[in-house]
Every structure is written in structure tokens, then in C-alpha cells.
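Commentary on secondary and tertiary structure
Here is what each chain is made of, one letter per residue.
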Amino acid sequence: KAGVTQTPRYLIKTRGQQVTLSCSPISGHRSVSWYQQTPGQGLQFLFEYFSETQRNKGNFPGRFSGRQFSNSRSEMNVSTLELGDSALYLCASSSAGAHNTEAFFGQGTRLTVV
Amino acid sequence: AQSVAQPEDQVNVAEGNPLTVKCTYSVSGNPYLFWYVQYPNRGLQFLLKYITGDNLVKGSYGFEAEFNKSQTSFHLKKPSALVSDSALYFCAVRDRGSNSGYALNFGKGTSLLVTP
């Protein structure tokens, strides 16, 4: 069974630009969550999508948005990039079977804003 | 509100010695508890979880964790450390509430260094 796939792995963008990151969950998983990891703030929850609907949202500005498609693939978008958006963005997928299920993470997209 | 504390930024242990990585949590009700490990430039790998029942949970790569409800702790342990265990370890909690989705609340992480 293939794992969680995130593309691209690395990205360099200029301040003010926008960026789209992609995540393909494990086959059959309907929940996709996004996290931002930085040295200063650690791992912070961005949002979760389930069956194409945003089910939960963290404390991030509206510049951060996401969506989920009918095949459970998800994208997140960051508009008007700031230097502080430089981070490792991690996607995680979970099966819909039970609330106690673990999340499986992709290898992440390393975003650098210059 | 949920919170997770990993009081040690770094833990150093000699190979072959037992290791403990500490985690305490502060949540309402009984959360689900998880441990993940991260190697450099990689995503997180699931190690183990506590749902209910036996307070000692066994996981991957010889790791185990002890749930202590009275102390609200979920410390990660391994009887004999390996150099290859050197990595960043994260404790996480998830609310049992049906409205909370599958979001995980992570601790700051503990860097484990195992020396030969």
C-alpha cells in the first residue's frame, strides 16, 4: 500500500507570491490534515478535511486555505507569502474507521520564502 | 483546551542503556495519546498509541509507553537504546470528542541522542 505522497518536496518562492502544495493520502483514507513545522513554533495544526469538507481549523490567518477533492487528494494554498511562512508543511491521512486511529504522515514539502 | 508538554528539549543516553522521553498532557476528559518519531528531513512515523485499557502500551522498534492517569503523563521508554534511535520524538494528543475531527495537538518535541 502506498504511503502519503506530498509534492513537491522542495519549493523556493519569493515574498508576496502564492503557492499550492499537494497531498495524496493513503488509498481509502478520507481524512487529510495539514501541519506546519518550524523550529520556533514546532508542529502546528493548520486544518483537516474529511469528505471534501473542512472539519477543523487551526489558528492561522486566512492566507492559508485548503481543499479536498472527491478522490480525497488535498491541496493547501498560501497566498501573499511572508518570510515567516518558511517551514516544513506536513500532510497526514487517517482512515475514517474510528476516532482513535493514528495518522500517517507524508515526507513533507520544505517551503523557503526569500 | 488541550496542551502537551515535553519538558526536555534533549535527552542524551549511552547505547545499551534504558531511555525515557517524558510527556505530560493537560486536557479535559480522556484523550487519545500518541508518540511519533521524526528523522532528519523526513515526515513523522507513528510509534504507538494509548486508547484505553492496559497502561503499558507496546509499539514499533521496541518502544513502549506508560500511561499514568493520575499524573497525566505518557512517557516513552525503551529498555536498551540504539544509536539508530537518535531522532526527534513527538508526543501528541487527540480529543475524544466527535466534533474535534482527527486533529493532533503536538508537544514541542524532544531530541534524543544515543552515543556509542
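Presented here is an overview of the structure given in this document. In this text the structure is predicted, and so the values were computed from the model without any measurement. (Residues numbered from 1 in each chain as written. Chains lettered and ligands numbered in written order. Predicted model: local features only at pLDDT ≥ 70, side-chain atom pairs only at ≥ 80, totals over all residues. Heavy atoms only, no water.)

**Observations concerning the pattern of salt bridges**
- Throughout the structure, instances matching the rule amount to nine salt bridges over all chains.
- The partner of Glu-75 of chain A in a salt bridge is Arg-73 of chain A, with the nearest N and O atoms 3.3 Å apart.
- Its salt-bridge partner being Lys-77 of chain B, residue Glu-66 of chain B comes within 3.1 Å of it at the nearest N-O pair. With a gap of 11 residues between them, Glu-66 of chain B in strand S8 (residues 64-68) and Lys-77 of chain B in strand S9 (residues 73-78) connect regions that are remote in the sequence.
- Classification of Lys-77 of chain B by relative accessible area gives partly exposed; the value is 27%.
- A network of salt bridges, in which partner residues are shared, links Arg-63, Glu-82 and Asp-85 of chain A. (Salt bridge = Lys/Arg side-chain N within 4 Å of Asp/Glu carboxyl O. Helix = DSSP H or I, 4+ residues; strand = E, 2+ residues; numbered from the N terminus. Buried < 20%, exposed > 50% of the residue type's maximum accessible area, 1.4 Å probe, protein only.)

**Some thoughts on the interface of chain B and chain A**
- On the chain A side, the residues contacting the 25 residues of chain B number 28 residues.
- At the surface where chain B touches chain A, the tally comes to one salt bridge.
- With a shortest N-O distance of 2.6 Å, Lys-49 of chain B and Glu-102 of chain A are connected by a salt bridge.
- Of all the secondary structure elements, the ones that give two or more residues to the side of chain B that touches chain A are strand S5 (32-38), strand S6 (44-50) and strand S10 (87-94) of chain B.
- Its residues assigned to classes, the side of chain B that touches chain A shows 12 nonpolar, seven polar and six charged. (Contact = heavy atoms within 4.5 Å. Nonpolar A, V, L, I, M, F, W, Y, C, P; charged D, E, K, R; others polar.)

**Let's talk about the packing of aromatic side chains**
- One pass over the structure, following the stated rule, counts 15 aromatic pairs over all chains.
- For the ring pair Tyr-35 of chain A and Phe-106 of chain B, a centre distance of 5.5 Å and an interplane angle of 85° mean the geometry is edge-to-face. Placement of the pair is Tyr-35 of chain A in strand S4 (residues 31-38) and Phe-106 of chain B in strand S11 (residues 105-106), with the two residues belonging to separate chains. Each member of the pair, Tyr-35 of chain A together with Phe-106 of chain B, is buried.
- Aromatic pair Phe-105 of chain A and Phe-106 of chain B: ring centres 6.1 Å apart, planes at 70°, arrangement edge-to-face. Remark: Phe-106 of chain B occurs in strand S11 and Phe-105 of chain A occurs in strand S10 (residues 104-105); the pair is interchain, linking two chains.
- According to the relative accessible area criterion, Phe-105 of chain A is buried, its value standing at 10%.
- Residue Phe-106 of chain B is classed as buried on the basis of its relative accessible area, which comes to 7%.
- A network of ring pairs unites the aromatic residues Tyr-35, Phe-45 and Phe-105 of chain A together with Phe-34, Tyr-36, Phe-46, Phe-90 and Phe-106 of chain B as a single cluster. (Phe/Tyr/Trp six-rings, centres within 6.5 Å; stacked < 30°, edge-to-face > 60°.)

**A few points about the pairing of S10 of chain B**
All names here are of chain B.
- Extensive coverage of S10 is indicated by the burial of seven of its eight residues.
- By the bridge criterion, seven bridges tie S5 to S10 in an arrangement that is antiparallel. Among the inter-strand pairings, Gln-38 is bridged to a residue of S10, identified as Leu-88.
- Where S10 lies against S11, two bridges are found, and the strand directions are antiparallel. Counterpart to Val-93 in the pairing with S11 is Asn-105. (Pairing = 2+ DSSP bridges.)

**A word on the state of the cysteines**
- Taken as a whole and assessed by the stated rule, the structure comprises two disulfides over all chains.
- Between the sulfur atoms of Cys-23 of chain A and its disulfide mate Cys-91 of chain A the distance is 1.7 Å. Disulfide Cys-23 of chain A-Cys-91 of chain A: the torsion about the S-S bond is -60°, which places it as left-handed. Note that Cys-23 of chain A is positioned in strand S3 (residues 19-24) and Cys-91 of chain A in strand S9 (residues 87-94), a separation of 68 residues in sequence. Take Cys-23 of chain A and Cys-91 of chain A: they sit in the same class, and that class is buried.
- The disulfide partner of Cys-23 of chain B is Cys-91 of chain B, and the gap between their sulfur atoms is 2.0 Å. Of note, the bridge from Cys-23 of chain B to Cys-91 of chain B carries an S-S torsion of about -60° and is left-handed in sense. Of this pair, Cys-23 of chain B sits in the loop between strand S3 (19-21) and strand S4 (24-26) while Cys-91 of chain B is found in strand S10, placing the two residues 68 residues apart along the sequence.
- For Cys-91 of chain B, a relative accessible area of 0% gives the class buried. (Disulfide = S-S within 2.5 Å.)

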